[in-house]
Amino acid sequence: MKILVPVKRAVDYNVKIRVKPDQSGIDLANVKMSMNPFDEIAIEEATRLKEAGKAAEIVVVTIGSDKAQDVLRTAMAIGADRGILVQTDAPTDLGGVEPLAVAKTLKALIDQEKPDLVIMGKQSIDDDSNQTGQMLSALLGWPQGTFASKIELTGGKINVTREVDGGLETLSLSLPAVITTDLRLNEPRYASLPNIMKAKKKDLAIMKPEDLGVSYTPRLKILKVEEPPKRTGGGKVASVDELIDKLKNEAKVI
Amino acid sequence: MTVLVIAEHDQKTLKPATLNTITAARKIDSDVHVLILGHGVSAVTAEAAQIHGIMKVITADDPSLAYGLAENAAPAIVSLAGTYSHLLAPATTFGKNVMPRVSALLDTQQISDIVSVIDANTFVRPVYAGNALATVQSSDAKKVITVRTTAFDPVNAQGGQPACETIAAKGDSGLSAFVSAEVSKSDRPELTAAKIVVSGGRGMGSGENFKIIEALADKLGAAVGASRAAVDAGFVPNDYQVGQTGKVVAPQLYIAVGISGAIQHLAGMKGSKIIVAINKDPEAPIFQVADYGLVGDLFQILPELTGKI
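The rules behind each value
- Residue positions are counted from 1 within each chain, in the order its sequence is given.
- Chain letters and ligand numbers both follow the written order, the letters beginning at A and the numbers at 1.
- In view of the model being predicted, local features appear only for residues whose pLDDT reaches at least 70, and side-chain atom pairs are presented and counted only at 80 or more, with totals across whole chains, interfaces and linings using the full set of residues.
- Heavy atoms throughout the structure, all of them, feed into the side-chain values; hydrogens and water do not.
- Think of it this way: any DSSP run of H or I at least four residues long counts as a helix, any run of E at least two long counts as a strand, and we number them from the N terminus.
- Per-residue accessibility, obtained with a 1.4 Å probe over protein chains only, is compared with the maximum for each type, and a residue is labelled buried under 20%, exposed over 50%, and partly exposed between these values.
- Any pair of residues with heavy atoms lying within 4.5 Å of one another is described as a contacting pair.
- Charged residues are defined here as Lys and Arg on the positive side and Asp and Glu on the negative side; His and the ends of the chain fall outside this count.
- Throughout, a charge is located at the NZ atom of Lys, the CZ atom of Arg, the CG atom of Asp or the CD atom of Glu.
- Salt bridges are identified by distance alone: a Lys or Arg side-chain nitrogen within 4 Å of an Asp or Glu carboxyl oxygen.
- Strand pairing is assigned whenever DSSP detects at least two bridges linking the two strands.
- Only C-alpha atoms enter the line fits that serve as axes; for helices the fit covers just the stretch in contact. Angles between N-to-C directions range over 0 to 180 degrees.
- Orientation categories follow fixed angle ranges, with anything under 35 degrees roughly parallel, anything over 145 roughly antiparallel, 65 to 115 roughly perpendicular, and all other angles oblique.
- Should the near helix be turned anticlockwise from the far one by less than a right angle, the crossing is left-handed, and should it be turned clockwise, the crossing is right-handed.
- Accessible surface is computed with a 1.4 Å probe, and the buried area is the amount of it that two parts give up when combined, taken over both parts together.

Asks: Help me understand the overall build of chain A, please; the structure alone is not making it clear to me.
Replies: When its secondary structure is counted, chain A shows six helices and twelve strands. When its C-alpha atoms are laid out on the principal axes, chain A stretches across 65 × 45 × 40 Å. Expressed as a percentage of its 254 residues, the buried residues of chain A come to 56%. Counting contacts in chain A only where the partners sit at least 6 residues apart, residues at least 24 apart contribute 70% of the total. Separation of charge centres in chain A, based on 36 positive and 36 negative side chains, amounts to 1 Å.

Asks: Honestly, the pattern of salt bridges in this entry has me stumped. Any pointers?
Replies: Opposite charge on two side chains lets them pair, provided their charged atoms get close. Overall, the coordinates contain 31 salt bridges over all chains when judged by the stated rule. Measuring nitrogen to oxygen at the nearest pair gives 2.7 Å for the salt bridge that ties Asp107 of chain B to Lys104 of chain A. Residue Asp107 of chain B is found in the loop between α4 (93-105) and β5 (111-114), and its partner Lys104 of chain A is found in helix α3 (residues 99-113); the two belong to separate chains. The class of Lys104 of chain A is partly exposed, set by a relative accessible area of 29%. The shortest N-O distance in the salt bridge between Asp218 of chain B and Arg188 of chain B comes to 2.7 Å. Here Arg188 of chain B lies in the loop between β11 (176-183) and β12 (196-200) and Asp218 of chain B lies in helix α5 (residues 210-220), a separation of 30 residues in the sequence.

Asks: Explain the sheet that holds strand β1 (residues 3-6) of chain B here, please?
Replies: Picture the strands of a sheet paired through backbone hydrogen bonds; they go either parallel or antiparallel. All names here are of chain B. Pairing is parallel across the open sheet formed by seven strands, whose spatial order is β5-β9-β4-β1-β2-β3-β10. Single-partner strands in this sheet number two, and they are β5 and β10 (163-166). Neighbour to neighbour, the strand axes of the sheet diverge by 25° on average, direction disregarded. Looking at chain direction, strand β3 (residues 56-61) and β10 are connected through four bridges and run parallel. Along β10, the bridge assignment pairs Val57 with Cys164.

Asks: Is there a simple way to explain the packing of helix α6 (residues 240-250) of chain A against helix α9 (residues 298-308) of chain B in this structure?
Replies: Axis angle and axis distance: for two packed helices, these are the angle between their axes and the distance between the axes, and together they describe the pair. Where α6 of chain A meets α9 of chain B, the closest approach of the two axes is 10 Å, and the angle between their N-to-C directions is 50°. Taken together, the axes of α6 of chain A and α9 of chain B lie oblique to each other. When you trace α6 of chain A past α9 of chain B, the crossing you get is right-handed. The residues of α9 of chain B that touch α6 of chain A, namely those facing Val240, Asp241, Leu243 and Ile244 of chain A, are Ile301, Glu304, Leu305 and Lys308 of chain B.

Asks: What's the story with the interface of chain A and chain B in this structure? I'm lost.
Replies: The figure often quoted for interface size is the accessible area lost as the parts come together. Between chain A and chain B, the contact holds 80 residues from the first and 84 residues from the second. Carbon and sulfur atoms supply 54% of the area buried between chain A and chain B, which totals about 6900 Å² over both sides. Of all residues in chain A, the largest losses of buried area upon contact with chain B belong to Asp165, Arg219 and Arg231 of chain A, amounting jointly to 12% of the total for that side. Inspection of the region where chain A meets chain B yields six salt bridges.

Structure follows, in structure tokens:
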């Protein structure tokens, strides 16, 4: 089995972001960037399937600037066999490469690579759209197992346990399929130093969107990006009695 | 313009999220239709037929739609899409699962999780875990949208007289099948619709200790939530999680107990009207957003609060 894992370079999980003063977007200059956390879970899951002898090859793909090669190397240090960068200077967070365009790019690559399974993050923590996996499976005519907390390959099918509003739900999907990861699918490993060194020698191909017949002209125009209204928090009470009094007589919420 | 709202339901009852989504739809145009996809859903249709402010209820009742499978639901929605300018669903796990599939089939770029309607083409949506709000203008002829339900008041569930019609489903795709579900059963209000939410974090120490959260919640008629840390630690099931990628809540009162206040948790609750934080660490970031912070041992404070409230 061949697994394709799309990943994204996004602002690091722990960074407190700043809106640009001209409201055109988020200031990403000199900000720590990392692999989107949900994508780390995807590459970890693919790696575990390979280690269990259920997958033969893992191909990792990203779309972005030359700097996005970093996340491909990280994925290869965890377990991917080779990487593909679809190189573009368009922004990948807002007002540039949008989920539908990403899905079309991945569809074109999948038509060439013919994987049996795609595992990818359910959303990226920059634009928070939560769309690409579902769009990709629609374009391919494949089933989708979104928000997965457990997957199991059984007799040519894949059972996917999904985190849904009411609890958990398990579906059986035919293959090929697209899986999107939720937080509790696994806990990604840290790449070891020898594996980081080995990853530097793995094959990394660079393509252009034109090679795949896709365009990154956005459909959504970003008119402005603002900070949300600030909460005036920081109030303290000294005792349970004072808290109850404030909730009853000041806030009037109980 | 006519706007189609995909109803949220559990095959038996209509979920309140539908009513909030209709409010968002009515800000685009007053001609709003509601689509119910399911199997054996006559009770849901009967409920929808009472909703104030909608013109039509359309029902597709078919075994292939019994479990909300995206592979079956999306073609049914797409088959209706021709006459609508906008297709809206609540940003629940059902809406998040199905709508991008619809969007791709219609070759339109979905707008996720809107919190405001500026005009028929322009919407506001949170990005970066709610640390920024983006105003986006769509150039697509047809808009596919998911709605953050806490940002819109519900329409009245009663008093309407919409027309009702049925349509045929598109059948089973053969791609996916329902196997099983583990549904959390609770007599407490639904987390995303509750007026009061009491949430516990890592500071609770164990699932057993959540009993003191539940006792307070039951005294207040509140829902119970949790931080990611508490869910990851196995204290409570996943559907309790409040945060950027869990449930977004905006109750009148949010009581955060033993929760430090990671950015990702704040993204899910900072729209609450009043926030109370109870934590032993006076430096915990949760206090920066709390209206009333109480520093101390939650195992003493919570029983006292439950007893006195």
